[in-house]
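Secondary and tertiary structure notes
Next come the chains, spelled out residue by residue.
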Amino acid sequence: MSRIAVFGGGYVGLVTAACFAEFGHDVAVRDIVPEKIDALRRGEVPIYEPGLDELLVRNAERLRYTLDVEDALDGAEFVFVCVDTPPLYSGDADLSRVWTVVDELPADTQATIVMKSTVPVGTGEKVREALDARGLGAVGYVANPEFTAEGAAVRDFMEPDRIVIGAFEGADGDAVEALHAGIDAPVVRADVNSAEMIKLAANAFLMTRVSFINEIANVCELIGADVQSVAEGLGLDHRLGPHFLRAGLGYGGSCFPKDSLALKQLAANSGYHFQLLTAVIEVNELQKRRVIQKLQKHLGRLRGKTVALLGLAFKPNTDDTREAPSLVLASRLLAEGAEVRGWDPIARPELQGVQFCATPLEAVQAADAAVIVTEWPQLAELASEEVRAAMRHPLIIDGRNLLDPDVVRAAGFAYEGIGRAVSPLDVLPETPEREPETA
């Protein structure tokens with residue numbers, strides 16, 4: 001068993017630490033936020049990730065948390081860099097936290113650096129040069145990108161599609177591969193640049209699929225086709241597969257948006273205009289705003305209207321709202337003069353002007369429309385008599401195609417999904433006009 005130091009106590013860092021502890025390794029987690037470290041020491045998990053809290057509790061004896069660099073590195077054979085790399089205004093990845101970790105390494109460090117943070121291609125070479133310049137030539141460097149999705153990160157770590165390892169020295173790569181003993185998955189050994197590119201290319205291709213099916217969905221609406229059937233037919237093609245072919249409001253979260261910008265900027269800095277990725281990003285941004293058009297079609301001007309946004313996280317089983325469609329929708333609705341209510345079982349984003357509600361039923365009370373933004377299972381029965389009676393106008397905009405349109409219409413609602421043909425029934429049913437609630 002090995003001693004591992006994990007720098008960064010966010011999604012990637014905590015999942016990495018918990019899973020390696022599950023394998024029997026001793027792990028120290030170092031973060032710079034005192035409140036986070038204090039919470040972890042108390043047994044409180046500062047993020048929501050299914051299964052993570054159980055792993056941390058079960059392996060508490062092999063896990064410790066610290067703010068101190070030397071404490072974290074005490075006896076460590078590996079230093080996993082799991083800090084965030086957010087986009088700069090230029091679109092480049094902000095590597096300041098990565099460089100802080102590298103710069104903080106003491107002169108007597110012997111541990112191998114393992115880069116899990118998503119970094120631009122060429123970062124490993126620059127880190128290698130910086131280490132050598134400081135006399136840390138004995139410190140190994142390995143690129144080991146993560147492919148964990150929020151909401152399924154523990155499973156993705158334990159049962160990955162592949163493990164990618166890029167190393168300057170074969171022995172360093174062998175040592176990192178040995179840490180993953182017990183995981184039944186192919187291991188891709190590559191040079192450092194290629195390992196870094198695999199991560200960016202994988203995300204870019206998944207983003208392309210999301211934007212592609214959303215473009216198809218938009219055409220389906222115009223010609224009367226159903227994108228659900230189209231996606232099923234595409235997904236059964238063995239050359240394509242079904243993954244990431246669900247039409248909706250676009251992608252969000254901590255990875256896809258920043259990684260798309262980072263790869264686009266990397267290409268631009270190298271003298272190449274990445275036209276396809278530029279289109280992917282543009283399609284995704286426009287897709288989030290199509291809901292406004294759908295609402296206006298049914299309600300006319302949105303000033304004074306009440307709209308319930310159901311689901312605020314960028315996807316189910318996470319509390320992460322970074323780049324979530326709900327943020328764009330809320331700001332656009334408020335700009336149109338609408339009253340906005342929000343519901344989510346876990347996420348609590350900072351949305352000034354949005355009234356947060358404890359239940360979906362509370363959110364739709366006297367509302368003119370309900371928008372499914374995140375496909376939480378709690379919303380599967382939204383088209384109920386109770387909800388219809390509560391709403392001023394029984395209109396559901398299904399931004400994730402969660403519901404069966406026929407069932408929703410039969411329940412007396414006007415319905416619009418994404419990429420689904422509009423029915424003659426998709427007009428607001430005649431209902432007595434309800435007066436807006438007053439304080």
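Just above, that's the structure.
Procedures and definitions
- Residues numbered from 1 in each chain as written.
- Predicted model: local features only at pLDDT ≥ 70, side-chain atom pairs only at ≥ 80, totals over all residues.
- Heavy atoms only, no water.
- Phe/Tyr/Trp six-rings, centres within 6.5 Å; stacked < 30°, edge-to-face > 60°.
- Helix = DSSP H or I, 4+ residues; strand = E, 2+ residues; numbered from the N terminus.
- Buried < 20%, exposed > 50% of the residue type's maximum accessible area, 1.4 Å probe, protein only.
- Lys NZ or Arg CZ within 6 Å of the ring centre and 35° of its normal.
- Core = buried A, V, L, I, M, F, W, Y, C linked by side-chain atoms within 4.5 Å.
- Contact = heavy atoms within 4.5 Å.
- Pairing = 2+ DSSP bridges.
- Axes fitted to C-alpha atoms, helices over the stretch in contact; angles between N-to-C directions.
- Disulfide = S-S within 2.5 Å.
- Arc of directions from axis to C-beta.
- Parallel < 35°, antiparallel > 145°, perpendicular 65-115°, else oblique.
- Left-handed = near helix turned anticlockwise from the far one by under 90°.
- Nonpolar A, V, L, I, M, F, W, Y, C, P; charged D, E, K, R; others polar.

Let us look at the packing of aromatic side chains. Taken as a whole and assessed by the stated rule, the structure comprises eight aromatic pairs. Centre to centre, the rings of phenylalanine 23 and phenylalanine 157 are 6.4 Å apart; their planes meet at 35 degrees, and the pair counts as tilted. Here phenylalanine 23 is found in the loop between α1 (11-22) and β2 (26-30), whereas its partner phenylalanine 157 is found in helix α7 (residues 153-158), with 134 residues between them in sequence. We classify phenylalanine 23 as partly exposed; its relative accessible area is 22%. The buried category is assigned to phenylalanine 157, whose relative accessible area is 8%. Relative to phenylalanine 256, the ring of phenylalanine 244 lies with its centre 6.1 Å away and its plane at 40 degrees, an arrangement referred to as tilted. Taken together, the residues phenylalanine 244 in the loop between α10 (227-235) and α11 (256-269) and phenylalanine 256 in helix α11 connect sequence positions twelve residues apart. For phenylalanine 256, a relative accessible area of 13% corresponds to the buried category. Ring pairing ties together the aromatic residues Phe20, Phe23, Phe80 and Phe157, which thus form one cluster. The ring of phenylalanine 147 is capped by arginine 162, whose NZ or CZ atom sits 3.7 Å from the centre of that ring.

Counting 52 residues, the largest nonpolar core has Leu295, Leu309, Leu310, Leu333 and Ile396 as the members making the most contacts within it. For leucine 333, the contacting residues outside a window of four places in its chain are Ile292, Leu295, Leu302, Val307, Leu309, Ala338 and Val340. Membership of the second largest hydrophobic core comes to 35 residues, among which are Val6, Ala21, Ile37 and Phe80.

Moving on: the sheet that holds strand β10 (residues 339-343). Taken in spatial order, the six strands of this open sheet run β11-β10-β9-β12-β13-β14, and their pairing is parallel. Where the open sheet ends on each side, the last strands, each with one partner, are β11 (354-356) and β14 (414-416). Averaged over all adjacent pairs, the angle separating strand axes in this sheet is 20 degrees, with direction ignored. Here four bridges tie strand β9 (residues 306-310) to strand β12 (residues 369-372), and the two strands are oriented parallel to one another.

We now examine the state of the cysteines. As enumerated under the stated definition, the model contains zero disulfides in all. Cysteine cysteine 82 shares no disulfide, and the gap to the nearest cysteine sulfur, in cysteine 19, comes to 11 Å.

We now examine helix α5 (residues 96-104). Turning to α5, its buried residues are Val98, Val101 and Val102. Down the axis, α5 shows its buried residues gathered within 95 degrees of arc, on one side only.

Now for helix α13 (residues 325-335). Listed in full, the buried residues belonging to α13 are Pro325, Ser326, Val328, Leu329, Ala330 and Leu333. Looking at the packing, one finds that the buried side of α13 touches α12 (275-299), β9, β10 and β11. Positive phi shows up at glycine 337, right after α13, with a value of about 90 degrees.

On to unusual backbone geometry. Excluding glycine, most residues fall at negative phi; most peptide bonds, likewise, are trans. In this structure, alanine 366 takes a positive phi of about 60 degrees despite not being glycine. Assignment of secondary structure puts alanine 366 in the loop between α14 (360-364) and β12. Looking at alanine 366, the relative accessible area reads 2%, which means it is buried. The phi torsion at asparagine 401 lies on the positive side, around 50 degrees, for a residue other than glycine.

What follows deals with the packing of helix α9 (residues 192-223) against α10. Remark: α9 packs on α10, axes separated minimally by 9 Å, with the N-to-C direction vectors making an angle of 135 degrees. Taken together, the axes of α9 and α10 lie oblique to each other. Of the two possible hands of crossing, α9 and α10 adopt the one that is right-handed. For the pair α9 and α10, the contacting residues are Phe212, Ile213, Ile216, Ala217 and Cys220 in the first and Val227, Val230, Ala231 and Leu234 in the second. In the contact of α9 with α10, the residues fall into nine nonpolar, no polar and no charged.

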